[in-house]
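As a plain string of letters, each chain reads:
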Amino acid sequence: MALSKTEVLAGLAEIVNDETGIATEAVQLDKSFTDDLDIDSISMMTIVVNAEDKFGVKIPDEEVKNLITVDDAVSFITNAQ
Amino acid sequence: MSQPTLNQYTPVKFSRIYSLGAARGDLTVTNDDIAGPIDSSDEWIRQRTGIITRRRASESLSLMDMAVSASLEAIQNAGIDASEIGAVLFSTITHPHQTPSAAALLADKIGANPAPAFDISAACAGYCYGIAQADALVRSGMAQYVLVVGGEKLSDFIDPTDRTISFLLGDGAGAAIVGPSETPGISPTVWGSDGSHWDAVGMTASLLELRDGTAAWPTLRQEGLTVFKWAVWEMVKVAKKALEVAGITADDLSALVTHQANIRIIDELAKQLAVPDHVVIARDIIYTGNTSAASVPLAMHALLKSGEVKSGGLALEIGFGAGLAFGAQVVVLP
């Protein structure tokens, strides 16, 4: 069964925490990965691969640059399920 | 009249690496030295690559000079005479002549003439490709000793304003002598290629475009994130397969010697591979930079020289890069 946006956000926050040490509660939908969370492109790719694995979705490399905010990523994963 | 029976080579059972040799560029280039044209900083480069300095060769130090130096050290440490070398394999992408090969000139310069000699074009996987071929040549009985060299003068093919790869790159050469052994010293190689990502790492233009005036001097470029993803998650599968076919587990290793592409790739690969704490992870990139085909032998040579690993231990070596091409094997440290 497909996960809700809230569930995807919670799962994604755990992945971000594991990769960067950023507290899960800081990973909010309106946050920018780069500007607010200070996540660099290599960490972002690691998060993407772990998200693909966790949620069973495919996030094309060319799509990663469009995932500016946490909401972008959560929406993409939710729709791709 | 009956047809005569042909002679064929008499195989030997096992092979091993006898020795290594190393030569690095004579210049130490700091991050501050190169940060300006890419609008970057020492901190940014360290954080994203792990590199503090890279070694580059001055104008007067050629790729061949470094290859000769590394080869002579390996020959001396192997305790053989250069005339006993039965093949010279030179892995490089920066030999500045389409033909003849760098290997033939190297063979002559080190006293191995008339050994068969040829270049290998497998970029950062090239040294592991060379070890695979040397292992096969020795075990088949085709050559008693094989010289494998991975060498690059990448600084001839960089663009100071390129933010994708140029700032990572260094110059150097690593050499190994492979020969017959009474016990297994080189595991089966897991190697391959994926030309569907042919454009992921390579040159900005072809020589024909340069000739026609439609392109400037070709330099190296990469699609960094695509390569990072492949280098970690696909290479983890290759590394696991290499351990499996070697008949060992990561717990049996003394060292993990990956291509020194980027510290983030090295560390993530080690993490995904779940190597135990006692396994020494080669991080020669920090002070040498990424030297493509030279990086695996240079890193292994450094670990042995510093005493961080001992002769006789097992090392998983894995090279990966442009092609895309990859090769991995477990070796007994010389």
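Residues numbered from 1 in each chain as written. Chains lettered and ligands numbered in written order. Predicted model: local features only at pLDDT ≥ 70, side-chain atom pairs only at ≥ 80, totals over all residues.

Looking only at helices and strands, chain A features four helices and zero strands. Start at the N end of chain A and walk to the C end: the helices and strands fall as α-α-α-α. Against the globule reference of 12 Å for 81 residues, chain A gives a C-alpha radius of gyration of 11 Å, in line with a compact fold. Taking the principal axes of the C-alpha coordinates as reference, chain A spans close to 30 × 25 × 20 Å. (Helix = DSSP H or I, 4+ residues; strand = E, 2+ residues; numbered from the N terminus. Rg over C-alpha atoms; globule rule 2.2 N^0.38 Å.)

Looking only at helices and strands, chain B has ten helices and 14 strands in total. A globule of 334 residues ought to have a C-alpha radius of gyration of about 20 Å, and chain B, at 19 Å, matches this closely. Taken along the three principal axes of its C-alpha coordinates, chain B extends 75 × 50 × 40 Å. Residues classed as buried in chain B amount to 52% of the 334 residues present. (Buried ≥ 20, exposed ≤ 12 C-beta atoms within 10 Å, placed from the backbone.)

Contacts between the two partners involve eight residues from chain B, matched on the other side by eight residues from chain A. Counting residues per element, the ones that place at least two in the side of chain B that touches chain A are α7 (224-246) and α8 (263-273) of chain B. In terms of residue count, α7(B) provides more of the side of chain B that touches chain A than any other element does, five residues in total. Its residues assigned to classes, the side of chain B that touches chain A comprises three nonpolar, one polar and four charged. (Contact = placed C-beta atoms within 7 Å. Nonpolar A, V, L, I, M, F, W, Y, C, P; charged D, E, K, R; others polar.)

Let us look at the pairing of strand β13 (residues 314-321) of chain B. Residues and elements named next belong to chain B. Within β13, seven of the eight residues are buried, which leaves the element mostly enclosed by the surrounding structure. Here strand β11 (residues 255-258) runs beside β13; their pairing, made up of four bridges, is parallel. Bridging across to β13, Ala-255 finds its partner in Ala-315. In this structure, β13 lies alongside strand β14 (residues 325-332), joined through eight bridges in antiparallel fashion. Counted as the bridge partner of Leu-314 is Val-332 from β14. (Pairing = 2+ DSSP bridges.)

Time to look at the pairing of strand β7 (residues 171-181) of chain B. Residue and element names in this part refer to chain B. Of all eleven residues in β7, nine are buried, a share of seventy percent or more. Judged from the ten bridges that link them, strand β1 (residues 14-24) and β7 form a sheet pairing that is antiparallel. Within β7, the residue paired with Ile-17 across the bridge is Val-178. Inspection of the sheet shows strand β6 (residues 145-153) paired to β7 by eight bridges, in the antiparallel sense. Along β7, the bridge assignment pairs Leu-147 with Ile-177.

Before going further, it helps to examine the nonpolar core. Residues and elements named next belong to chain B. Val-88, Leu-106, Val-146, Leu-147, Val-148 and Val-178 are the most contacted members of the largest nonpolar core, which totals 134 residues. A total of ten residues in this core trace back to one element, the largest contributor, which is α7. Once you skip the residues sitting within four places of it in the chain, Val-146 turns out to touch Ile-85, Gly-86, Ala-87, Leu-89, Ala-134, Leu-137, Val-138 and Val-178. (Core = buried A, V, L, I, M, F, W, Y, C linked by C-beta atoms within 7 Å.)

Here we come to the environment of Asn113(B). Residues and elements named next belong to chain B. Turning to its location among the elements, Asn-113 is positioned in the loop between α4 (102-109) and β5 (117-120). Since 16 C-beta atoms lie within 10 Å of it, Asn-113 is described here as partly exposed. For the pair Asn-113 and Gly-86, spaced 27 residues apart in sequence, the C-alpha to C-alpha distance is 9.5 Å. Setting aside residues no more than four positions away along its own chain, Asn-113 makes contact with Ala-107 and Asp-108.

Right, let's talk about unusual backbone geometry for a bit. All names here are of chain B. In this model, Asn-113 is joined to Pro-114 through a cis peptide bond whose omega is 15°. Considering the arrangement of structural elements, one finds Pro-114 in the loop between α4 and β5. Between Gly-323 and the following residue, Leu-324, the backbone shows a cis peptide bond with an omega angle of -10°. Take Leu-324: it is sitting in the loop between β13 and β14.

Glancing now at α8(B). Those residues of α8(B) that sit buried are Arg264(B), Ile265(B), Ile266(B), Glu268(B), Leu269(B), Ala270(B) and Leu273(B). Lining the buried residues of α8(B) we find α2 (41-55) of chain A together with α2 (42-49), α7, β11, β12 (280-281) and α9 (285-288) of chain B. Of the residues one or two after α8(B), Ala274(B) is the one with positive phi, at around 55°.

Among the secondary structure elements, Ala23(A) is positioned in the loop between α1 (5-20) and α2. Expressed as a C-alpha distance, the spacing of Ala23(A) and Ala13(A), which sit ten residues apart in the sequence, is 7.9 Å.

Residue and element names in this part refer to chain B. Taken in spatial order, the five strands make up an open sheet running β8-β14-β13-β11-β12, and their pairing is mixed. Looking at which strands have only one partner, the edges of the open sheet turn out to be β8 (190-193) and β12. Seen against the sheet, helix α5 (residues 126-140) touches β8, β13 and β14 and runs at an angle of roughly 55° to β14. (Axes fitted to C-alpha atoms, helices over the stretch in contact; angles between N-to-C directions.)

The next point concerns the sheet that holds β7(B). Residue and element names in this part refer to chain B. Reading across from one edge, β1-β7-β6-β4-β5 is the order of the five strands in this open sheet, with mixed pairing throughout. Looking at strand neighbours, the two that pair on one side only are β1 and β5, the edges of this open sheet. Along the sheet, successive strands turn relative to each other by an average axial angle of 20°, direction set aside. Relative to β6, strand β4 (residues 85-91) runs parallel, the two sharing six bridges. Residue pairing across strands places Ile-85 opposite Tyr-145, the latter belonging to β6. Each of β1, β6 and β7 touches helix α10 (residues 295-306); the most contacted strand, β1, lies at about 90° to it.

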